[in-house]
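Architecture and fold: a report
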Amino acid sequence: MALRAPALPLPLLLLLLLLPLRATGCPAACRCYSATVECGALRLRVVPLGIPPGTQTLFLQDNNIARLEPGALAPLAALRRLYLHNNSLRALEAGAFRAQPRLLELALTSNRLRSLRSGAFAGLAQLRVLYLAGNQLVRLLDFTFLHLPRLQELHLQENSIELLEDQALAGLSSLALLDLSRNQLGTISREALQPLASLQVLRLTENPWRCDCALHWLGAWIKEGGQRLLTSRDRKIMCAEPPRLALQSLLDVSHSSLICIPPSVHVQPLELTANLGEDLRVACQASGYPQPLVTWRKVPQPREGRPRAQAQLEGGLGLGGHSASDTGSGMLFLSNITLAHAGKYECEASNAGGAARVPFRLLVNVSRQQPQQPAQPPPPAARPAGREPRPEAGSMAFRALGLATQTAIAAAIALLALTALLLVAMICRRRRRRKKARGPPGEGALFVNDYSDGPCTFAQLEELRDERGHEMFVINRSKPLFAEGPAEAPADCGPAEGAGPGLRVPPPVAYEIHC
């Protein structure tokens, strides 16, 4: 009679199945089951080595992994579920999961991802669920998820996404759930959601929506048929701006209230001359609502034998290693200017209301490269020593100077003219004071005595001096000749200082002259 082995109770059988079957290659401190490896909360900095190749579920959550080393996941071709949430990942290299073609679920929640590179999810053709919530994503660029044709759930909530490019979701034809709630989205285009042919759930709440003409389509789409994708809670898409519509639901705002102001552009000056080697900064001021995006570009100049279309493609390239365009800031920066920078530029401002352009022309002064003939030094009287020649206001060199430099030169010229006037006034004043000053009695008067009998006038004295040639004179200071009378003011520097109508000045002292 055959003996039958006693059947094990069902609870005991389940316990045996759940006991960790530590394989010979199981990493230290990890728990390994038949097809599951748990390495969570171990303060790991890298993916541990020795994970069994047949592992289908790998838990690496709550660690300090900051980077997925190339080839770290290469042996895990059978992996179906990978949980890397609550780590410190800052970036994903292109093809980081290329060796996991069977992966169905990938959790990258609560890391430090700031951007997603093109090709980061290449090779994940079977992926169904992707968790990217709680990161630091700011922009989703075109074709970010192009390699995920079978993705059904995409969780992007609780990031800082403020821009969703029109082709960012291209390739997600199987996506059923898209969560963009609790981000920084101000607007979203119709083109961005067009690839989502299978979408069933859309979450857009808790974003600072800017209710303008760019959201016309969203309100109409929700009212017409899109509401089937939104729960009653998700339909509360609240406006954050403009202020007159703040805290109102987009569905309650009339289309006539969703307005845009087309941009206007101002560039001053429209033409500028710069010298070789200089740095240049040109401001482009744009206004409108919403705030326009400002772009500088160099207008290509078609050359003979080259199609215009090819020239337009080359127009956005930098020149000589220096970028010819600047997007967003409204400033055009050009450093170390060369002849290649000369030409026509365009400042373009665009928003949902339209676009506006203003041309700007840059001329490059090449006078520094021309050989200069040695000039003859000017005569000493032509220019005081140590003073450099001033550029004329109408010359090209003067126009090439900046506004501040031109103003400083004009102020210096005015200051020099004022200083010259003050010097002339001081000289005249001193001369008047010297002629008015009174010296000791008899000083300045001439007395002559050549033993002749009787006085003579100054005219007679001059005649004697001319006719008789006397050079020695005897001065007699005891006999004044002329009576006191009004004195005439000197005529060389204008009226005497302080003289007025009815005032008399002391007469000069004169004495008798004996000839």
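Residues numbered from 1 in each chain as written. Predicted model: local features only at pLDDT ≥ 70, side-chain atom pairs only at ≥ 80, totals over all residues. Heavy atoms only, no water.

All right, on to the overall build of the protein chain then. For the protein chain, the helix and strand inventory stands at seven helices and 20 strands. In the protein chain, which comprises 515 residues, the proportion classed as buried is 33%. Contacts spanning at least 24 positions in sequence make up 58% of the contacts within the protein chain whose residues lie at least 6 apart. Accessible area for the protein chain stands at about 31300 Å²; split by element, carbon and sulfur atoms hold 55% of it. (Helix = DSSP H or I, 4+ residues; strand = E, 2+ residues; numbered from the N terminus. Buried < 20%, exposed > 50% of the residue type's maximum accessible area, 1.4 Å probe, protein only. Contact = heavy atoms within 4.5 Å. Areas by Shrake-Rupley, 256 points an atom, 1.4 Å probe, with all protein chains shown as cover.)

What follows concerns the nonpolar core. Grouped together as the largest cluster of nonpolar side chains are 68 residues, with contacts concentrated most on Phe121, Phe145, Leu154 and Leu178. Put simply, the parts of the chain that give this core at least two residues each are helix 2 (190–193) and helix 3 (216–224). The element that contributes the greatest number of residues to this core is helix 3, accounting for three residues. Core analysis: the next-biggest nonpolar cluster, separate from the first, contains 21 residues, Val265, Tyr345, Ala356 and Phe360 among them. (Core = buried A, V, L, I, M, F, W, Y, C linked by side-chain atoms within 4.5 Å.)

Here the focus is the packing of aromatic side chains. The description of an aromatic ring pair rests on the distance of the ring centres and on the angle between the ring planes. Going through the model one piece at a time under the given rule, you end up with five aromatic pairs. The interplanar angle of 85 degrees and the centroid separation of 6.1 Å between the aromatic rings of Trp296 and Phe360 together place this pair among those described as edge-to-face. Separated by 64 residues along the polypeptide, Trp296 in strand 17 (residues 293–298) and Phe360 in strand 20 (residues 354–365) bring together distant segments of the chain. You can call Trp296 buried: its relative accessible area is 0%. (Phe/Tyr/Trp six-rings, centres within 6.5 Å; stacked < 30°, edge-to-face > 60°.)

Another aspect to go through is the state of the cysteines. A complete count under the given rule lists five disulfides for this structure. With its sulfur 1.9 Å from that of its partner, Cys211 forms a disulfide with Cys239. Looking down the S-S bond of the Cys211 and Cys239 bridge, the torsion is -95 degrees, so its handedness is left-handed. Residue Cys211 is found in the loop between strand 12 (209–210) and helix 3, and its partner Cys239 is found in strand 13 (residues 239–241); the two are separated by 28 residues along the sequence. The class of Cys211 is buried, set by a relative accessible area of 1%. (Disulfide = S-S within 2.5 Å.)

This model, assessed by the stated rule, comprises ten salt bridges. Two residues, Arg31 and Glu38, come together in a salt bridge whose shortest N-O distance is 2.8 Å. When its relative accessible area of 43% is taken as the criterion, Arg31 is described as partly exposed. Accessibility expressed as a relative area gives 24% for Glu38, which makes it partly exposed. In this structure, the salt-bridge partner of Asp179 is Arg203, at a minimum N-O distance of 3.5 Å. Of this pair, Asp179 sits in strand 10 (residues 177–179) while Arg203 sits in strand 11 (residues 201–203), and the two are 24 residues apart along the sequence. Classification of Asp179 by relative accessible area gives buried; the value is 4%. (Salt bridge = Lys/Arg side-chain N within 4 Å of Asp/Glu carboxyl O.)

This brings us to unusual backbone geometry. In this structure, the amide linkage connecting Glu241 to the following residue, Pro242, adopts the cis form with an omega of 0 degrees. The step from Gln268 to Pro269 runs through a cis peptide bond, and the omega angle for that step is 0 degrees. Within the fold, Pro269 resides in the loop between strand 14 (261–267) and strand 15 (271–275). One non-glycine residue with positive phi stands out, namely Arg43, at about 60 degrees. Phi at Asn86 is positive, roughly 60 degrees, even though this residue is not glycine.

Okay, the side chain of Ser189 next. As for its placement among the helices and strands, Ser189 is situated in the loop between strand 10 and helix 2. According to the relative accessible area criterion, Ser189 is buried, its value standing at 18%. Apart from the residues lying within four places of it in its own chain, the contact partners of Ser189 are Asp166 and Trp217.

Ordered by their spatial adjacency, three strands build an open sheet running 14-16-18, and the pairing between neighbours is antiparallel. This sheet does not close on itself; its edge strands, each paired only once, are strand 14 and strand 18 (331–334). Ignoring strand direction, the axes of neighbouring strands in this sheet form an average angle of 20 degrees. Of the strand pairs in this sheet, strand 14 and strand 16 (residues 280–289) are connected by five bridges, and their pairing is antiparallel. Counted as the bridge partner of Val265 is Ala286 from strand 16. (Pairing = 2+ DSSP bridges. Axes fitted to C-alpha atoms, helices over the stretch in contact; angles between N-to-C directions.)

Strand order in this open sheet of four strands is 15-20-19-17, and the pairing throughout is mixed. Edge strands, defined here as strands with exactly one partner in the open sheet, are strand 15 and strand 17. Strand-to-strand twist of the sheet, defined as the mean angle between neighbouring strand axes without regard to direction, takes the value 25 degrees. Bridge analysis of strand 19 (residues 343–351) against strand 20 gives nine bridges, and the strand direction is antiparallel. Bridging from a neighbouring strand, Cys347 pairs with Val358 of strand 20.

Here we come to the confidence of the model for the protein chain. In this model, the protein chain carries an average pLDDT of 76, and 68% of its residues clear a pLDDT of 70 or more. Summarising per-element confidence for the protein chain, the mean pLDDT is lowest in helix 4 (residues 308–314) (36) and highest in strand 6 (residues 129–131) (97). Confidence over residues 391–396 falls short of pLDDT 50; this stretch has nine contacts with residues more than four positions distant or in other chains. (pLDDT = per-residue confidence, 0-100.)

Turning next to the environment of Gly186. Along the chain, Gly186 falls in the loop between strand 10 and helix 2. Taking the C-alpha atoms as reference points, Gly186 and Glu241, separated by 55 residues in sequence, lie 8.9 Å from one another. The residues contacting Gly186, other than those within four sequence positions of it, are Pro208, Trp209, Arg210 and Leu215.

Another point: the environment of Pro242. Take Pro242: it is sitting in the loop between strand 13 and strand 14. Residues Pro242 and Arg210, 32 residues apart in the sequence, show an inter-C-alpha distance of 6.6 Å. With residues up to four places along the chain from it excluded, the contact list for Pro242 reads Cys211 and Tyr289.

Here we take up the environment of Asn207. Note that Asn207 resides in the loop between strand 11 and strand 12. Judged by relative accessible area, Asn207 falls into the buried class, the value being 7%. Separated by 33 residues in the primary sequence, Asn207 and Ala240 have C-alpha atoms spaced 8.2 Å apart. Those residues within four positions of Asn207 in sequence are excluded, and the remaining contacts are Leu180, Ser181, Arg182, Asn183, Gln184, Leu185 and Met238. Reaching out from Asn207, the side chain makes a polar contact with the backbone nitrogen of Asn183 at a distance of 3.1 Å. (Polar contact = N/O pair within 3.5 Å; in protein donor to acceptor, adjacent residues only side chain to side chain.)

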